[in-house]
Structure formats: C-alpha cells, structure tokens
Amino acid sequence: MPSAGHSAAPTGFAYLGPEGTFAEAALAHLTRSLGAVDRSAQPQPSVGAALAAVRSGACRAALVPMENSVEGSVPATMDGLVDGDPLVVTREVFLPVGFVLAVRPGTTTGQVRTVASHPHALAQCRARIAEVLPGAEVVPTASTADAARRVAAGEHDAAVCAAIAAERYGLDALVADLADHPGAVTRFVLVEQPGVLPEPTGADKTTVTAVIADRTGALLDLLAEFALRGISLTRIESRPTRERLGVYSFSIDCEGHVADARVGDALAALHRLCAEVRFLGSYPRADDHPGKPVDEHVGDDAFAGAQAWLTRVREGRAV
Ligand SMILES: O=C(O)C(=O)Cc1ccccc1
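Residues numbered from 1 in each chain as written. Predicted model: local features only at pLDDT ≥ 70, side-chain atom pairs only at ≥ 80, totals over all residues. Heavy atoms only, no water.

## Quick notes on the environment of L267
Secondary-structure assignment places L267 in helix 9 (residues 261–273). Judged by its relative accessible area of 12%, L267 falls in the buried class. Measuring from C-alpha to C-alpha, the distance between L267 and F279 comes to 8.3 Å, with twelve residues separating the pair along the chain. (Helix = DSSP H or I, 4+ residues; strand = E, 2+ residues; numbered from the N terminus. Buried < 20%, exposed > 50% of the residue type's maximum accessible area, 1.4 Å probe, protein only.)

## Description of the packing of helix 2 (residues 47–55) against helix 3 (residues 75–82)
In contact at an axis separation of 9 Å, helix 2 and helix 3 are set at 25° when each is read in the N-to-C sense. Considering their axes alone, helix 2 and helix 3 lie roughly parallel with respect to each other. The handedness of the crossing between helix 2 and helix 3 comes out as right-handed. When helix 2 is examined against helix 3, the residues V47, L51 and R55 are found in contact with a partner set consisting of A76, T77, G80 and L81. (Axes fitted to C-alpha atoms, helices over the stretch in contact; angles between N-to-C directions. Parallel < 35°, antiparallel > 145°, perpendicular 65-115°, else oblique. Left-handed = near helix turned anticlockwise from the far one by under 90°. Contact = heavy atoms within 4.5 Å.)

## Some remarks on the environment of H181
Here H181 shows up in the loop between strand 10 (172–175) and strand 11 (185–192). Look at H181 and you get partly exposed, because its relative accessible area is 47%. Separated by 53 residues in sequence, H181 and R128 have C-alpha atoms that sit 9.9 Å apart. Look past the residues within four positions of H181 in its chain and what remains in contact with it is V70 and Q124.

## Remarks on the sheet that holds strand 12 (residues 204–211)
Reading across from one edge, 13-14-12-15 is the order of the four strands in this open sheet, with antiparallel pairing throughout. The two strands at the open ends of the sheet, each matched to only one other strand, are strand 13 (233–240) and strand 15 (276–284). Each adjacent strand pair in this sheet contributes to an overall mean axis angle of 15°, direction not counted. One ladder, built from seven bridges, connects strand 12 with strand 14 (residues 248–255); its direction is antiparallel. (Pairing = 2+ DSSP bridges.)

## Quick word on the UniProt feature "site: Essential for prephenate dehydratase activity" (unreviewed entry) in the protein chain
The UniProt record marks T186 with the feature "site: Essential for prephenate dehydratase activity" (unreviewed entry), using the residue numbering of this structure. Take T186: it is sitting in strand 11. Judged by relative accessible area, T186 falls into the buried class, the value being 9%. Once you skip the residues sitting within four places of it in the chain, T186 turns out to touch P65, E67, N68, V93, F94, L95 and V97. (UniProt positions renumbered as here; feature names shortened; annotations may be inferred.)

As structure tokens, then:
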C-alpha cells in the first residue's frame with residue numbers, strides 16, 4: 001500500500017537517471033508503445049531508489065535494467081526485486097545499446113586519465129578502453145548519463161555513454177563506437193506494486209524466484225516441475241541468499257502466463273517444493289519470439305478435462 005504522504009493514486013514512472021540513460025530511452029519507447037497518457041518520467045539516482053519510489057507509492061511504476069546480452073544480469077535489479085515488499089513485473093522492453101567515448105570539447109585521448117561509466121557499460125567496452133586509453137583509471141558510476149554529467153562537471157575526463165547523453169551534457173564523441181561486441185541488447189522491465197496482472201496474450205513470460213534446500217538433486221527437482229508440464233525456461237540464474245554459502249535463490253523466467261493452467265500448476269508445485277517462492281509477474285513477451293508450441297496434453301483443455309475426470313472419480317461417478 002502507498003505509505004502516508006502518498007495517499008493519492010501514484011503517478012509517474014521512475015527510472016535510473018539522470019536524463020540521457022538507456023533506461024530513459026527504454027522508458028520513452030515503452031510509454032509510447034503503451035499509449036500511456038501520463039508519461040511523466042522521474043529520474044532516480046539508483047535502481048534501488050527507483051524500486052523504493054514504487055514501494056513507497058511515490059511513483060506508479062519503475063523501469064529498471066534486468067539483463068544484457070553481453071554482460072548478463074544486473075545484480076541491483078535481481079536483488080532489489082527479492083528484498084523488501086513484493087513488486088511485480090508488468091512489461092519487458094528490449095533496447096539495442098551502443099556506446100561512445102565522450103569528453104569535454106578539445107580533450108584528446110592522451111589527456112584522459114579517468115574514464116567513468118555504469119559497471120555494465122565499462123564491462124562491455126573493456127577491451128576497447130584498454131586499447132584506446134591504456135593506463136586510464138576506470139571509475140564506476142551509478143549510470144552512463146551520471147558519468148557524462150560528471151565529465152561535463154570536470155570530475156572525470158571521459159564517459160562511456162549513449163550518443164544522446166554526450167549531446168545532452170555538451171560533450172564530444174571522441175570514439176563513436178566503443179563496444180567490444182556490436183549488437184548488444186539490454187532487457188528492461190517495468191515494475192509495479194502487486195494488484196496489476198496483465199491479461200494473457202498467448203505470448204507471455206512469467207518471472208519467479210525460488211529458494212531451494214541444500215540437498216542432492218534439489219535443482220533437478222525444481223527444473224522437473226517445469227519440464228513435466230512442457231514449460232520452456234527463457235532464463236535461469238542463481239543469486240546468493242546472503243545467509244550462508246550453499247543456499248541460493250534461483251531467478252527464473254519461463255514461457256507462459258500464470259493464468260495458463262500448466263504455469264499455475266508448476267508454480268503451485270514450486271510452492272510445495274521450495275523453502276520460499278516469490279511470484280514476480282506475468283507479462284507480454286516483447287522479444288518477437290512466438291514461444292515454443294504447447295503440447296496438447298499440457299494445454300488448458302487437457303488440464304480442465306483431467307480435473308473434471310478427477311472430480312467424477314472422487315464423487316464415485318462412473319468414469
Ligand atoms: O546507465 C544506464 O544508462 C542504464 O540505463 C543502465 C545500463 C548500463 C549499461 C548498459 C545498459 C543499461
């Protein structure tokens with residue numbers, strides 16, 4: 001529930017700021033495609049702050065980076081969705097990301113002693129930075145645009161950021177294309193307070209986290225619940241629970257919507273099997289993948305037919 005001080009229905013979209021981040025570009029793309037009337041965007045200093053703005057009711061939703069095709073998941077988002085009051089993903093959006101090396105006008109590569117950016121951006125340009133700026137100190141910042149803003153303020157010599165951020169902060173692109181692996185894509189998710197469950201579209205994804213006991217075969221048991229019901233996983237990774245070594249929380253995306261019988265049944269099975277399960281949302285998939293075909297025996301009709309049969313058996317009726 002929104003906390004005191006935010007009693008009206010929350011409005012506005014929080015995002016990892018300041019202006020000029022990839023998160024801002026992804027949010028603009030999403031609100032345009034949703035045809036959202038209220039497109040007011042509220043930059044936040046960190047992923048944690050963006051999620052906190054939703055939990056407190058200060059904002060209606062937050063758009064945060066979840067994973068990147070080159071660098072993998074964003075730990076601040078993974079952990080931020082699991083720690084604290086429940087939140088759910090209601091949309092996903094994929095954004096191609098490219099990086100420039102941005103400097104104050106007139107700066108040459110030889111003058112760059114510090115290069116700043118979001119850790120994910122630095123990691124995606126590691127080899128090129130070492131090649132173009134050997135010996136430069138690499139400095140992590142809260143976001144790519146935060147780095148650009150700090151370069152403009154004279155705090156650092158160069159930023160790895162989007163071309164639009166360089167422009168926004170009056171910087172020049174010394175190197176136009178800095179990525180080690182061209183064609184990288186970042187997946188962002190829109191996060192809201194529970195209560196909003198998007199309708200099934202026929203091409204959906206569901207996100208869930210599960211903590212399993214430290215015993216032989218536990219992960220296989222968890223995976224079997226999906227496999228037995230013909231559900232394809234699109235992502236699985238482990239995060240430490242921070243309790244002790246050996247106890248992990250698995251973060252899973254699967255095809256389908258919790259309203260689909262096979263997905264609901266699998267989540268209920270996880271609830272029986274796992275020490276902890278957190279449902280993190282069902283939402284339309286945005287990657288243009290139609291999803292794997294669903295076998296007839298795990299379709300909604302098959303589940304409904306089996307349930308009706310069981311009811312007849314239990315009532316002692318002829319089967
Ligand atoms: O810092 C940004 O601009 C972000 O939106 C996070 C990020 C950083 C690097 C690649 C993709 C997203």
